[in-house]
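Architecture at a glance
As a plain string of letters, each chain reads:
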Amino acid sequence: MAVSGFEGFEKRLELRFFHDNTIITTNNPMGLRLINFESLDQVLNEVQCTVVSAVANHSFDAYVLSESSLFVYPTKIIIKTCGTTQLLKSIRPLIHLARNVNLTLRACRYSRGSFIFPNSQPFPYTSFKDEVVTVEESLPMNSLRYRKASVMTPNSNNNPSRAWHVFTATADVEPDEKVVVVEVCMTELDRVNARSFFRRKGDEKNSDSVGKEMTRLSGIDMINANAFICDFAFDPCGYSMNGVDGDRYSTIHVTPEEGFSYASFECGLSLYDGDIAEVLARAIDVFRPGCLSIATTYNGEGYDHEVTKRVERVLAMKLGLKCRSRLVDEFPGSGTVVYQSFTPRR
């Protein structure tokens, strides 16, 4: 493994809001989407990233960032950033901007995997305890009383996968939305597959055009054929995309360099949207990783053990991946998190 390289593992923040009692929701259907781009850009500047591409539909706005992605719904913001970005600096200004459109914080979730290069991270990201303290200090006082921090660590000696870190805080004892969020983190990408995410030397096409080529050649466009894809290719290598399908989002980020290769796939969906296992199999097959983890958050859908088992069966049958560990944890007001780790069968 390289001594140092680009950190692919993302930090992820999700903030959910509700309308003030004095405001009728139907009078402000756009909610957070009313925040102007200049204000969002200032927040991203604090985080140390910029917008490189964007798309919107009737449900939400999706931004591809220089370091991952930002999604803005009427009452929810999701921002995930890789590298050595300062994601938690976005909490206070985002809450402030939400107040300007008469929205009050309802829930906060911060999560990440284990960094490939932990010593390269700035404070507070060198310690999950420090991250949790930073998040809590950034939240309004006397708010979101249901809180929990957890490090989900596989205990198998044969399992090279990494721990999953989660902090949640919410004002409600029950989850306020019925959405399943699936986050896949992949390392040791297949070398041949990873070549799809390198730009050709001398290619003078712009990043949007090359991004579309990478989407097509890699097979990413077939993961969800119904999604509109906003893609971007970095120079000399690397790739990001956001998928927009009604009110459902998906996103992929790729760091293809050998020695610290990494790819992530994330989507928000309902258990009734279709076969989650088949979607995951198509996404993972694009990269053929040597090691991967899947963190599935059941916000209001009630943990479904059969879905978890089907994911394991499909990945074993179609991709030869064996589930090495499965951890389950409950978060008050924030649902259930299932963390699965996989490696190829030997």
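In this text, all values refer to a predicted model and were calculated from it rather than measured experimentally.

A closer look at the overall build of the protein chain
Within the protein chain one finds seven helices and 16 strands. In summary, the protein chain has a C-alpha radius of gyration of 19 Å against a globular reference of 20 Å for 346 residues, a match within 12%. When the backbone C-alpha atoms are referred to their principal axes, the protein chain occupies close to 60 × 45 × 40 Å. If you take every contact in the protein chain between residues at least 6 apart in sequence, the share linking residues at least 24 apart comes to 69%. In the structure as shown, the protein chain presents an accessible area of about 15000 Å², 49% of it carried by carbon and sulfur atoms. When the 38 basic and 42 acidic side-chain charges of the protein chain are each reduced to a single mean position, those positions are 5 Å apart.

Brief notes about the sheet that holds strand 12 (residues 248-255)
Two strands in a sheet stick together by hydrogen bonds in their backbones, pointing the same way (parallel) or opposite ways (antiparallel). The strand order across the open sheet formed by eight strands is 10-11-12-13-9-14-16-15, and the pairing between neighbours is antiparallel. The open sheet has two free edges, formed respectively by strand 10 (228-233) and strand 15 (321-331), since each of these has just one partner strand. Adjacent strand axes in the sheet meet at a mean angle of 10 degrees, parallel and antiparallel pairs treated alike. Pairing between strand 10 and strand 11 (residues 239-245): six bridges, direction antiparallel. Across the sheet, Phe232 pairs through a bridge with Ser240, a residue of strand 11. Those strands touched by helix 5 (residues 207-218) are strand 10 and strand 11, and its axis lies near 115 degrees from that of strand 10. Each of strand 9 (180-187), strand 13 (262-269), strand 14 (291-298) and strand 15 is contacted by helix 6 (residues 276-285), which is oriented at about 25 degrees to strand 9, the strand it contacts most.

So, the confidence of the model for the protein chain
For the protein chain, per-residue confidence averages 91 on the pLDDT scale, and 92% of positions sit at 70 or higher. Ranking the elements of the protein chain by mean pLDDT puts helix 7 (residues 305-319) last, at 92, and strand 3 (residues 61-65) first, at 98.

A look at the pairing of strand 9
Summarising burial for strand 9: eight of the eight residues are buried, a large majority. Residues of strand 9 alternate between two faces, with Val180, Val182, Val184 and Met186 on one and Val181, Glu183, Cys185 and Thr187 on the opposite face, all of them buried. One ladder, built from eight bridges, connects strand 9 with strand 13; its direction is antiparallel. Along strand 13, the bridge assignment pairs Cys185 with Ser264. Looking at chain direction, strand 9 and strand 14 are connected through eight bridges and run antiparallel. Along strand 14, the bridge assignment pairs Val182 with Thr296.

Describing the nonpolar core
Residues Leu32, Leu70, Val135, Leu139 and Trp164 are the most contacted members of the largest nonpolar core, which totals 50 residues. Non-local contacts of Trp164, meaning those with residues more than four positions away in its chain, are made with Ser111, Arg112, Gly113, Ser150, Val151, Met152, Glu183, Cys185, Ala295, Val337 and Tyr339. Counting 39 residues, the second-largest nonpolar core is a separate cluster that includes Val182, Met241, Ile284 and Leu315.

With respect to the sheet that holds strand 3
With antiparallel pairing, eight strands are arranged side by side in an open sheet as 2-3-4-5-1-6-8-7. In this open sheet, the two strands that pair with only one neighbour each are strand 2 (51-56) and strand 7 (146-152). Averaged over all neighbouring strand pairs, the angle between strand axes comes to 10 degrees, with direction disregarded. Relative to strand 5 (residues 76-81), strand 1 (residues 11-19) runs antiparallel, the two being bridged by six bridges.

Some thoughts on helix 7
Along its 15 residues, helix 7 runs 21 Å from first to last C-alpha, staying within 8% of the 21 Å computed at 1.5 Å per residue. Buried within helix 7 we find Thr308, Val311, Glu312, Val314, Leu315, Ala316 and Leu319. As for helix 7, its buried residues are in contact with helix 6, strand 14, strand 15 and strand 16 (335-344).

Digging into the side chain of Glu266
One can find Glu266 in strand 13. Looking at Glu266, the relative accessible area reads 0%, which means it is buried. Of the polar contacts made by the side chain of Glu266, one reaches the side chain of Arg12; its length is 2.8 Å. Separated by 2.5 Å, the side chains of Glu266 and Tyr249 make a polar contact. Those residues in contact with Glu266 that sit more than four places away from it in its chain are Arg12, Ile78, Lys80, Val181, Val182, Glu183, Tyr249, Ser250 and Thr251.

What counts and how
- Residues numbered from 1 in each chain as written.
- Predicted model: local features only at pLDDT ≥ 70, side-chain atom pairs only at ≥ 80, totals over all residues.
- Heavy atoms only, no water.
- Helix = DSSP H or I, 4+ residues; strand = E, 2+ residues; numbered from the N terminus.
- Rg over C-alpha atoms; globule rule 2.2 N^0.38 Å.
- Contact = heavy atoms within 4.5 Å.
- Areas by Shrake-Rupley, 256 points an atom, 1.4 Å probe, with all protein chains shown as cover.
- Lys, Arg positive; Asp, Glu negative; His and termini not counted.
- Charge placed at Lys NZ, Arg CZ, Asp CG, Glu CD.
- Pairing = 2+ DSSP bridges.
- Axes fitted to C-alpha atoms, helices over the stretch in contact; angles between N-to-C directions.
- pLDDT = per-residue confidence, 0-100.
- Buried < 20%, exposed > 50% of the residue type's maximum accessible area, 1.4 Å probe, protein only.
- Core = buried A, V, L, I, M, F, W, Y, C linked by side-chain atoms within 4.5 Å.
- Expected span 1.5 Å × (residues − 1).
- Polar contact = N/O pair within 3.5 Å; in protein donor to acceptor, adjacent residues only side chain to side chain.

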